[in-house]
Amino acid sequence: MAAPKKIYSFSPGPSTIAYGAMKKAYDEFWDCAGTGLNIMDLSHRNKNYLKIHERAKAGIKELLNVPDNYKILFMTGGATMQYALVPMNILGDKTTASFAMSGHWAIQALKEAQKYVKNPKKNSDTSDTNYNKVPTEFDIDPNSAFFHYCDNETAQGIEYQEVPNVPDHIPIVCDMCSNIMSRPVDVSKYGIIFAGAQKNLGAVGVTVVIIRDDLLDKEMKTTPTIGSYKIMADTDSLYNTVPTYSVYMTALVCEQFLADGGLKAADEKAKRRSGMLYDIIDTSEGFYSGHAEKWCRSRLNVVFKLPSAELDQKFIADAEEAGLIDIKGFPTIGGVRVSIYNGTPDEGVDAMAAFMRRFMEANK
């Protein structure tokens, strides 16, 4: 009897969760943290769940070195919900906000925010090159209630190398869904950071919002109660039933990251592993061609094409046969997208690199 084939997922999200955290969840499935119950059996107001709730917040605070004048919230709806909640909560009496137009998720953020921001200002639109680089210059309206950008565009495979230069009086709002916990971050530079957990922070279902205290009193009167940052902060994200299992997984993932050396180690790992694939692309003599300009290539989403659409499809199909799944490129970009988040095992990245070499040798 043949051994089962090892499958590695390179999905852009939800993605592979770190093995150590998954093993802990498996071991505790019927007896979570000594309670004698599964985490899903516990009320969100049960004292044993509340300890897990605090563990998740403490892990995020320690990893990101979150200052004391920020609140950590657990919400739902992913980044898509935050695109609406950010202007509803912090627009205040202003009528404009600025948006860096770097790719698909920046476009989605602006589209949603336009329902609430009367005069949104686009910044540094790079659509003429199909968003193959991050903006570097910004013409920011000084009256902006906030400046929004997406730190890592998963569809295009581009990533900011530094925080945009924004006037001090304008809060920076950052969508970090796909690269949070992959490198150290100076949280004090931001007004709001938000991220769905399903890439680097745990299981799908919870959205982490980190918000500076002075932004908690600007919400619109029409802001839904469940979407109010202030109410969520005042109730420790327990106004209603929090997604308890997802928060539990976030606690386990953060604890695993700390055990693995923290965010400096995560950054080194991300650079090393994406570098393996970029080296193959760069030395392939055009067989593989990357979408992003080299100086701003994502450490987490490696996006490339082959010489023809037919070869793109063959690569994807053959990779799946080899146990390397979920690598189809984003519809507006095409080609191949290999997503390598923190939880992706090194063996999976090694297998992808070896497959890329074999495929090139067989089809060049």
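Structure: above.
Quick summary incoming for the structure in this document. The numbers attached to residues start from 1 for each chain and follow its sequence in the written order. The model is predicted, so local features are restricted to residues of pLDDT at least 70 and side-chain atom pairs to those at 80 or more, both for listing and for counting; the totals for chains, interfaces and linings are taken over all residues. Hydrogens are left out, water is left out, and the side-chain values use all remaining heavy atoms of the structure.

**Remarks on empty space enclosed by the protein**
Phase 1 of the analysis: Grid spacing is 1 Å over the protein atoms alone, the probe is 1.4 Å, and a cavity is where that probe fits but cannot get out, while a pocket is an open set with protein on both sides within 12 Å along at least five of seven lines and lining residues have an atom within 4 Å of a point. Grid points are joined across faces, edges and corners, and a volume is the space filled by probe spheres set on the points. Under the defined criterion, the tally for this structure stands at four cavities of 30 Å³ or more.
Phase 2 of the analysis: Put simply, the largest cavity is a space of about 50 Å³.
Phase 3 of the analysis: Around the largest cavity, the lining residues are T16, I17, A18, K199, N200, G202, V253, F257, N342 and G343.
Phase 4 of the analysis: For the lining of the largest cavity, the class distribution of residues is four nonpolar, five polar and one charged. In the scheme used here, Gly and all other residues not listed as nonpolar or charged are polar, with Ala, Val, Leu, Ile, Met, Phe, Trp, Tyr, Cys and Pro taken as nonpolar and Asp, Glu, Lys and Arg as charged.

**Quick word on the packing of helix 3 (residues 78-90) against helix 4 (residues 104-113)**
Phase 1 of the analysis: It is at 8 Å that the axes of helix 3 and helix 4 come closest, and there the two elements cross at 45 degrees. Considered as vectors, helix 3 and helix 4 are oriented oblique to each other. Both helix 3 and helix 4 take part in a crossing whose hand is right-handed. Only W105, Q108, A109, E112 and A113 of helix 4 make contact with helix 3, whose side of the interface consists of T80, Y83, A84 and P87.
Phase 2 of the analysis: Residue composition of the contact of helix 3 with helix 4, by class: six nonpolar, two polar and one charged. An axis is simply a line fitted to the C-alpha atoms; with a helix, the fit covers only the stretch in contact. Between two such axes, the angle follows the N-to-C directions and lies from 0 to 180 degrees. Numbering of helices and strands starts at the N terminus; helices are DSSP runs of H or I of at least 4 residues and strands are runs of E of at least 2. Should an angle lie under 35 degrees it is considered roughly parallel, over 145 roughly antiparallel, and from 65 to 115 roughly perpendicular; all remaining angles are considered oblique. By definition, any crossing whose near helix is turned counterclockwise from its far helix by less than a right angle is left-handed, and any crossing with a clockwise turn is right-handed. In this analysis, two residues are considered to be in contact whenever any of their non-hydrogen atoms come within 4.5 Å of each other.

**Examining the sheet that holds strand 4 (residues 121-123)**
Phase 1 of the analysis: Strand order across the open sheet formed by seven strands is 2-10-9-8-5-3-4, with mixed pairing between neighbours. Every other strand in the sheet has two partners, leaving strand 2 (70-75) and strand 4 as the edge strands with one partner each. Between one strand axis and the next, the sheet turns through 20 degrees on average, direction left out of account.
Phase 2 of the analysis: In terms of strand pairing, strand 8 (residues 172-175) meets strand 9 (residues 192-196) through three bridges, oriented parallel. Note on strand 9: the bridge partner recorded for V173 is I192.
Phase 3 of the analysis: Lying on the sheet, helix 4 is in contact with strand 3 (98-100), strand 4, strand 5 (147-150) and strand 8; it crosses strand 3 at an angle near 160 degrees. Pairing between strands requires that DSSP locate at least two bridges from one strand to the other.

**Some remarks on unusual backbone geometry**
Phase 1 of the analysis: Cis geometry marks the peptide bond from G13 to P14; its omega dihedral reads -5 degrees.
Phase 2 of the analysis: With respect to the secondary-structure elements, P14 resides in the loop between strand 1 (8-9) and helix 1 (19-27).
Phase 3 of the analysis: With phi around 50 degrees, N65 is a residue other than glycine that occupies positive phi space.
Phase 4 of the analysis: The residue N65 is located in the loop between helix 2 (47-64) and strand 2 in this model.
Phase 5 of the analysis: You can call N65 exposed: its relative accessible area is 63%.
Phase 6 of the analysis: The residue Y131 is not glycine, and still its phi comes out positive at about 55 degrees.
Phase 7 of the analysis: Among the secondary structure elements, Y131 is positioned in the loop between strand 4 and strand 5.
Phase 8 of the analysis: Under the relative-accessibility criterion, Y131 is labelled buried at 10%. Under the scheme applied here, a residue whose accessible area is under 20% of the maximum for its type counts as buried, over 50% as exposed, and between as partly exposed, the area being computed with a 1.4 Å probe on protein chains only.

**Quick look at the sheet that holds strand 12 (residues 301-305)**
Phase 1 of the analysis: Ordered in space as 11-12-14, the three strands form an open sheet in which the pairing is antiparallel. Two strands lie at the open edges of the sheet, namely strand 11 (289-290) and strand 14 (336-339), each paired on one side alone.
Phase 2 of the analysis: The sheet contact formed by strand 12 and strand 14 spans four bridges and is antiparallel. When the sheet's bridge partners are listed, V302 is paired in strand 14 with V338.
Phase 3 of the analysis: Packing of helix 7 (residues 262-282) onto the sheet brings it into contact with strand 11, strand 12 and strand 14, and relative to strand 12 it is tilted by some 15 degrees.

**What to know about helix 3**
Phase 1 of the analysis: Multiplying 1.5 Å by the residue count of a helix minus one yields the expected span of that helix. Between its terminal C-alpha atoms helix 3 stretches 18 Å, which fits the 18 Å expected from 13 residues at 1.5 Å a residue.
Phase 2 of the analysis: At every residue, the bend is computed as the angle between two fitted axes, covering the seven residues ending there and the seven beginning there respectively. The sharpest bend along helix 3 comes to roughly 30 degrees, located at A84, with the proline P87 sitting one to four residues further on.
Phase 3 of the analysis: When you tally the buried positions in helix 3, you get eleven out of 13 residues, the bulk of the element.
Phase 4 of the analysis: At the C-terminal side of helix 3, G92 shows a positive phi close to 60 degrees.

Bear in mind that shape data such as this cannot, by itself, settle questions of function.
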